[in-house]
Amino acid sequence: MKELKLGKLYYEISRHNPPALTIKSGETVSVETEDAFSGQVRKEGDRRDNKKMPYGNPQSGPIYVEGAAPGDTLAVDIHKIEARIGQAATRTGGANLVGEFLGTDVPHGTRICPVRDGVIWWSPKVAIPYEPLIGTIGTAPEMGVPTTGPAGHWGGNMDIREVTVGNTLYLPVLAPGALLHLGDAHAAQGHGELCTTALEMPATIVITVRLLKGKSIPRPRIESRDEIMAVATGTPMERSIARAFADLMLWMEEEYGVPRWEGFNLCTQAGTISVGYYAIGTVAAKIRKEYAIAAGKKG
């Protein structure tokens, strides 16, 4: 297994960033990542210095995948997301739309939460299950240089709970070598990440990266043992939901043999959604594999 220790961090997911590591398809990599606060919040009372570090979600990498070319797909199998220093940090700030209803006098609310034995200690009396995810992960886009704040067809700051251990994330290859960036691990996060900050933690992430030659996808996809999911980002969110479900239906048609209009009706009855960072309208449209298999020609 190759290792990528914590080194230079990037606040843009860019084809111009030089590779930190080169791998072949099928190799497993252990990657050290920093938290969304760039390591500036380690104890109660700490605050992120926005002047010193104007962006969040620093990325490790990029990882260059030999043979990857535009039109291919990366399959990223997620094996482990480990809390590197045994704690997570969050804060209350960033009211966004919620401030319209609660008020705009939002306290900073720094909170440091120990992580041990599969539990995050929100307080001495409140224990949250440790359910880690990779908040920001993507391949370098073919045009432009997005910061690590937004998400898009390249991946990015999706904050989708299902980008987690045991699942596979599929990302389109848009530039030579794919240039996979990742970071912004969360110890846990509710749907929507309402106050813009999850339980942020530096992490050690173990992944296997597989190259699917000639396989082209328009936007990220996720596969778990039981479900397939298509991800879309944009506002208003109802358009993202529609786009994600359309991608899911086309995936069902292509790989499971479910005619798209039957898939449309089936998703209406059995589809679900997962909401990522709500302020940028990221959603995953989901359906159980058993339904796709039974409805398709493979069934």
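None of these values were measured; they are calculated from a predicted model.

Quick look at the sheet that holds strand β6 (residues 87–90) now. One open sheet holds the 4 strands; their spatial order is β6-β7-β8-β9, and the pairing between them is antiparallel. Either end of the sheet is taken by a strand with one partner, and the two such strands are β6 and β9 (126–129). Averaged over neighbouring strand pairs, the angle between their axes works out to 30° when direction is ignored. Looking at chain direction, strand β8 (residues 119–123) and β9 are connected through 4 bridges and run antiparallel. From the neighbouring strand, Trp121 faces β9, where its bridge partner is Ala127.

Right, let's get into the nonpolar core. Nonpolar side chains tend toward joint burial in soluble globular proteins. The biggest cluster of nonpolar side chains holds 43 residues, and the ones touching the most others in it are Ile137, Leu180 and Ile207. If we skip the residues at most four places from it in the chain, Ile207 touches Glu27, Thr28, Val29, Val76, Asp77, Ile78, His79, Leu180 and Leu182. Counting residues in hydrophobic clusters, the runner-up holds 18 residues, among them Ala230, Ala244, Leu248 and Val283.

The next thing to look at is the environment of Arg219. Take Arg219: it is sitting in the loop between β15 (203–212) and β16 (221–223). In this structure the C-alpha to C-alpha distance between Arg219 and Gly177, which are 42 residues apart in sequence, comes to 18 Å. Leaving out residues up to four positions away in the same chain, Arg219 has contacts with His153, Pro172, Val231, Ala232, Arg243 and Asp247. In this structure the side chain of Arg219 is engaged in a polar contact, spanning 2.7 Å, whose partner is the side chain of Asp247.

Attention shifts here to the sheet that holds strand β2 (residues 21–23). Spatial strand order, β2-β4-β14-β10-β12-β11: 6 strands in an open sheet with mixed pairing. The open sheet has two edge strands with one neighbour each: β2 and β11 (151–152).

This paragraph deals with the side chain of Thr139. Turning to its location among the elements, Thr139 is positioned in strand β10 (residues 133–139). Among the polar contacts made by the side chain of Thr139, one reaches the main-chain carbonyl oxygen of Pro172 at a distance of 2.7 Å. Ignoring sequence-local partners within four residues, the contact set of Thr139 consists of Ile13, Leu74, Trp154, Leu171, Pro172, Leu174, Ala178, Leu179 and Leu180.

With that settled, consider unusual backbone geometry. In this chain, Gly61 is followed by Pro62 through a cis amide linkage whose omega measures -5°. Within the secondary structure, Pro62 sits in strand β4 (residues 59–65). Cis rather than trans, the peptide bond between Thr235 and Pro236 has omega equal to 0°. Position of Pro236 relative to the elements: it lies in the loop between β17 (227–232) and α2 (237–256). One non-glycine residue, Asn57, lies in positive phi territory at about 60°. Mapped onto the elements of the fold, Asn57 is located in the loop between β3 (27–33) and β4. Residue Asp117 is not a glycine yet carries a positive backbone phi of 55°. When you line up the elements, Asp117 lands in the loop between β7 (111–116) and β8.

Once that is clear, we can look at the environment of Ile205. For Ile205, the location among the structural elements is in strand β15. Spatially, the C-alpha atoms of Ile205 and Leu133 are 9.7 Å apart, while their sequence positions differ by 72 residues. Each residue touching Ile205, except ones within four places of it in the same chain, is listed here: Val29, Ser30, Val31, Thr33, Lys80, Ile81, Ile134, Leu182 and Ala185.

Take the pattern of salt bridges next. A complete count under the given rule lists 19 salt bridges for this structure. For Glu32, the salt bridge goes to Lys5, with nearest N and O atoms at 3.6 Å. Residue Glu32 is located in strand β3, and its partner Lys5 is located in the loop between β1 (2–4) and β2; the two are separated by 27 residues in the primary sequence. The exposure class of Lys5 is exposed, given its relative accessible area of 52%. Between Arg219 and Asp247 there is a salt bridge, and its shortest N-O distance comes to 2.7 Å. Of this pair, Arg219 sits in the loop between β15 and β16 while Asp247 sits in helix α2, and the two are 28 residues apart along the sequence. Asp247 shares its class with Arg219; the two are buried. Overlapping salt bridges bring together Glu3, Lys5 and Glu32 as one network.

We now examine the packing of aromatic side chains. For the structure shown, the criterion picks out 2 aromatic pairs. Stacked on the ring of Trp122, the Lys or Arg Arg111 has its end atom at 4.0 Å from the ring centre.

Calculation criteria
Residues numbered from 1 in each chain as written. Predicted model: local features only at pLDDT ≥ 70, side-chain atom pairs only at ≥ 80, totals over all residues. Heavy atoms only, no water. Pairing = 2+ DSSP bridges. Helix = DSSP H or I, 4+ residues; strand = E, 2+ residues; numbered from the N terminus. Axes fitted to C-alpha atoms, helices over the stretch in contact; angles between N-to-C directions. Core = buried A, V, L, I, M, F, W, Y, C linked by side-chain atoms within 4.5 Å. Buried < 20%, exposed > 50% of the residue type's maximum accessible area, 1.4 Å probe, protein only. Contact = heavy atoms within 4.5 Å. Polar contact = N/O pair within 3.5 Å; in protein donor to acceptor, adjacent residues only side chain to side chain. Salt bridge = Lys/Arg side-chain N within 4 Å of Asp/Glu carboxyl O. Phe/Tyr/Trp six-rings, centres within 6.5 Å; stacked < 30°, edge-to-face > 60°. Lys NZ or Arg CZ within 6 Å of the ring centre and 35° of its normal.

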